[in-house]
Amino acid sequence: MMQDGKRGDIFNGSSFVFVLSLCLLFLISGVIVLLQRDVYGLETRAALFVRAILNGQGLFCPVLFNRPYPDYPPLYFLIAAAFCSLKAPDSALCIAMPSLLSGTILLAMVFYSARKHLGPNVAAAASLVLLGTPEFWLKSEKATVDMLLALIVFCSNWFFFEAYILNESKRSMEKTLGPLFLALSYLVKGPIGIVLCFFPCAIFLTIRKDYHSLGRCMLSSGLFAIFITSLYLGGLYYQGGEDLVLRVLDAELISRISGKANRPFYYYFVYMAVVFFPWILFFGTACFKKSRKCTMWMFSCLRSTDFNLFITLFTLTGIVPFLLASSRHGRYLLPAFPPIAILLGCTLEKAVTVFEKKRAARAVEHYQKKIFLIISLLLFILFPIISGRNLAGAAGLAAFISCCYLSSAFILKNIHKKLHHITFLCLLIFLVTGAVTILLEPAMSQKESGRQFVLHTEQEAGAKNGIFLVGIKPDGEGLKYCLFSRYYPGRIHFLKGPGALCTLPGKAIVVTYEKNLASLSYSLIHHKYTVITRGYIHNKKVVSLYLPPRAS
């Protein structure tokens with residue numbers, strides 16, 4: 001492995017301390033944020049999948065209310081279940097921990113892979129770019145299946161590169177680990193995982209006309225893929241028979257490319273430009289100052305080594321398949337984030353030399369501690385205005401800012417002044433993004449999740465005959481109610497309209513949208529119902545009613 005002193009002595013101390021500080025900052029900050037907020041959004045479904053797994057159901061295909069979800073392979077939920085076995089599956093920390101750990105490990109892997117082939121300067125810049133990309137940070141502290149996929153895809157491509165492209169004979173472990181991670185990617189995202197893992201190496205070997213290595217790569221990958229696919233499909237057949245197998249194959253293959261696209265073709269290009277805006281702007285400013293030289297830097301970086309060409313192909317194969325899919329979401333591109341960070345790090349490491357002698361840059365370096373302090377004070381001033389007098393939230397914000405400050409001291413101390421500008425910008429973005437998340441997300445998540453509404457509803461009145469959700473979709477706000485309900489799943493009932501309310505037994509609870517209360521009151525004319533509580537689920541006003549026993 002390349003020593004820190006080569007290709008520019010950028011580390012004043014140890015590179016291990018530098019990358020460890022980055023990873024601990026990322027991990028501890030994520031834990032602090034997750035402890036402040038509730039499970040909400042798509043995490044609700046993931047939490048119910050995990051609860052089903054803990055109850056011995058849906059081990060191969062998640063099932064809710066006897067309905068299979070064929071487009072969700074099980075690996076993420078199985079890992080989350082391991083964390084949730086220590087605590088209830090309605091904990092945001094347990095549900096999102098696989099995603100947070102994946103992001104943390106990715107930071108370290110990006111650094112060490114870039115350092116080995118491109119030097120410590122590029123490695124530091126690449127890891128800083130990834131840490132300072134708000135979208136990467138925000139997705140990692142959600143239960144994001146694609147973050148786990150990003151880690152597995154990066155591991156698979158890294159081991160493929162080490163084993164087949166370097167073409168060294170003593171690479172038996174890498175030749176096993178590459179196909180193994182390729183097989184695991186199938187259990188995270190289906191066939192698209194295999195595409196993301198295999199194609200960068202295959203295209204690179206084709207460009208080099210190394211058909212012998214390509215053949216061996218295809219053989220080992222094919223054997224692992226066939227084994228894991230057979231095991232997975234066999235489990236599906238055991239769980240739900242031939243019908244479930246066909247539904248899963250349709251959801252993971254045909255439906256991903258058929259149908260009308262939910263967003264325009266250029267969506268991903270706009271998305272990537274917005275996500276990496278700070279670093280594109282940073283490099284763009286350098287190009288404006290020395291346009292010809294920076295353009296030459298960029299192209300020389302892309303073709304300078306086999307590793308950079310491979311990373312370029314890795315980036316393209318992480319984007320192009322999703323351009324052809326009918327469903328387009330920004331989180332799908334997370335596997336492309338690490339190689340993009342390496343490419344940006346390669347160019348930014350050269351571009352920062354433009355700012356070395358700038359008076360403004362030197363002023364920022366001189367006053368960086370004061371800038372951190374001023375921003376921290378502003379955040380504490382805003383906290384009671386935005387979040388109210390929440391002592392737990394204030395403690396979380398104080399812990400987050402302290403974590404950022406201490407980590408920043410280690411990071412800036414162990415890196416050469418050449419990269420101080422990009423390091424400071426990265427840490428500043430991370431500080432503001434995380435603090436704003438702590439300021440806004442806890443209250444927003446509680447309003448989204450509906451936990452308080454459910455708890456108040458079921459504490460105030462017992463529902464011997466169950467909970468009846470009227471006009472609430474089972475796959476929408478209904479699931480958010482179910483996650484926190486002690487009556488799930490056996491005594492939760494969904495009614496499409498108020499027609500069936502006349503025959504409802506007593507000692508039951510009815511939950512509906514506030515806007516539907518007037519029409520429900522007419523159907524419940526024979527019940528002397530009482531309003532239990534009002535609240536929010538998914539930011540929609542809801543109300544719960546108690547139906548007492550009917551008079552004999």
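Our subject is the structure listed above.
Model, not experiment: these values are computed from the prediction.

Engineer: Please explain the pattern of salt bridges as it appears in this structure.
Structural biologist: Once the charged atoms of two side chains with opposite charge are near each other, the side chains can pair. Tallied over the full model, the rule gives 16 salt bridges. A salt bridge links D146 to K189; its shortest N-O distance comes to 3.0 Å. Here D146 is found in helix α7 (residues 145–165), whereas its partner K189 is found in helix α8 (residues 172–189), with 43 residues between them in sequence. Relative accessible area serves as the criterion here: at 2%, D146 is assigned to the buried category. Two residues, E458 and R486, come together in a salt bridge whose shortest N-O distance is 3.9 Å. With E458 in helix α21 (residues 451–460) and R486 in the loop between α22 (477–484) and β4 (492–495), this pair connects stretches of sequence that are 28 residues apart. The structure contains a network of salt bridges with shared partners spanning R37, E43, E141, K142 and E441.

Engineer: For this particular structure, what's the right way to read α8?
Structural biologist: Because each turn of an α-helix spans 3.6 residues, side chains separated by three or four positions end up pointing in the same direction. Helix length check: α8 (18 residues) gives 27 Å between terminal C-alpha atoms against 26 Å at 1.5 Å per residue, within 8%. Turning to α8, its buried residues number three or more, namely E174, G178, P179, F181, L182, A183, S185, Y186, L187, V188 and K189. Taken together, the buried residues of α8 touch α3 (75–84), α7, α9 (191–207) and α10 (211–257). Residue G190 follows α8 closely and has a positive phi angle near 85°.

Engineer: Explain the nonpolar core to me, please; I cannot follow it from the model alone.
Structural biologist: Soluble globular proteins tend to pack their nonpolar side chains together in the buried interior. Counting 162 residues, the largest nonpolar core has F337 and F400 as the members making the most contacts within it. Sort the elements by how many residues they give to this core and α7 lands first, with 17 residues. When near neighbours in sequence (up to four residues on either side) are disregarded, F337 contacts L130, T133, E135, F136, Y271, M272, V275 and F276. Counting residues in hydrophobic clusters, the runner-up holds 11 residues, among them V470, L504, L517 and L545.

Engineer: Quick question: what am I supposed to make of the pairing of strand β3 (residues 467–470) here?
Structural biologist: The side chains of a regular strand alternate, residue by residue, between the two faces of the sheet. Neither face of β3 is open: one carries I467 and L469, the other F468 and V470, and all of them are buried. Strand direction decides the pairing type here: β3 and β4, joined by 4 bridges, are parallel. Opposite V470, over in β4, you have L495 as the bridge partner. The parallel pair β3 and β4 is bridged by α22, and the resulting crossover is right-handed. Where β3 lies against strand β5 (residues 508–513), 3 bridges are found, and the strand directions are parallel. Note on β5: the bridge partner recorded for I467 is I509.

Engineer: How should the packing of α9 against α10 be read in this particular structure?
Structural biologist: Remark: α9 packs on α10, axes separated minimally by 11 Å, with the N-to-C direction vectors making an angle of 165°. Compared by their axis directions, α9 and α10 come out roughly antiparallel. Crossing hand, α9 versus α10: left-handed. Contact residues: P191, I194, F198, C201, A202, L205 and T206 in α9; Y211, S213, L214, C217, M218, S221, A225, E252 and L253 in α10. For the contact of α9 with α10, the per-class residue count stands at 12 nonpolar, 3 polar and 1 charged.

Engineer: Just checking my understanding: could you explain the layout of surface pockets for this structure?
Structural biologist: A probe matching the size of a water molecule, rolled over the atoms, marks out where space remains unfilled. There is about 1,000 Å³ of room inside the largest pocket. Along its surface, the largest pocket is lined by 38 residues, and L42, D146, K189, R331 and Y332 are the ones closest to its centre. With 6 residues, the single largest contributor to the lining of the largest pocket is α10. Of the residues belonging to the lining of the largest pocket, the class tally is 23 nonpolar, 4 polar and 11 charged.

Engineer: Explanation requested: unusual backbone geometry in the structure shown.
Structural biologist: Each neighbour pair has its own omega, and for Y488 with P489 the value is 0°, a cis peptide bond. Relative to the helices and strands, P489 is located in the loop between α22 and β4. For K209, which is not glycine, the phi dihedral falls at a positive 60°. On the secondary structure map, K209 appears in the loop between α9 and α10. Of note, N539 is a non-glycine position whose phi angle comes to about 65°, a positive value. Note on placement: N539 falls in the loop between β6 (530–537) and β7 (540–547). Assessed through its relative accessible area of 40%, N539 is described here as partly exposed.

Criteria and thresholds
Residues numbered from 1 in each chain as written. Predicted model: local features only at pLDDT ≥ 70, side-chain atom pairs only at ≥ 80, totals over all residues. Heavy atoms only, no water. Salt bridge = Lys/Arg side-chain N within 4 Å of Asp/Glu carboxyl O. Helix = DSSP H or I, 4+ residues; strand = E, 2+ residues; numbered from the N terminus. Buried < 20%, exposed > 50% of the residue type's maximum accessible area, 1.4 Å probe, protein only. Expected span 1.5 Å × (residues − 1). Contact = heavy atoms within 4.5 Å. Core = buried A, V, L, I, M, F, W, Y, C linked by side-chain atoms within 4.5 Å. Pairing = 2+ DSSP bridges. Right-handed = clockwise from strand over helix to strand, strands pointing away. Axes fitted to C-alpha atoms, helices over the stretch in contact; angles between N-to-C directions. Parallel < 35°, antiparallel > 145°, perpendicular 65-115°, else oblique. Left-handed = near helix turned anticlockwise from the far one by under 90°. Nonpolar A, V, L, I, M, F, W, Y, C, P; charged D, E, K, R; others polar. 1 Å grid on protein atoms, 1.4 Å probe; cavity = no way out; pocket = protein on both sides within 12 Å on 5 of 7 lines; lining within 4 Å. Points joined across faces, edges and corners; volume = space filled by probe spheres on them.

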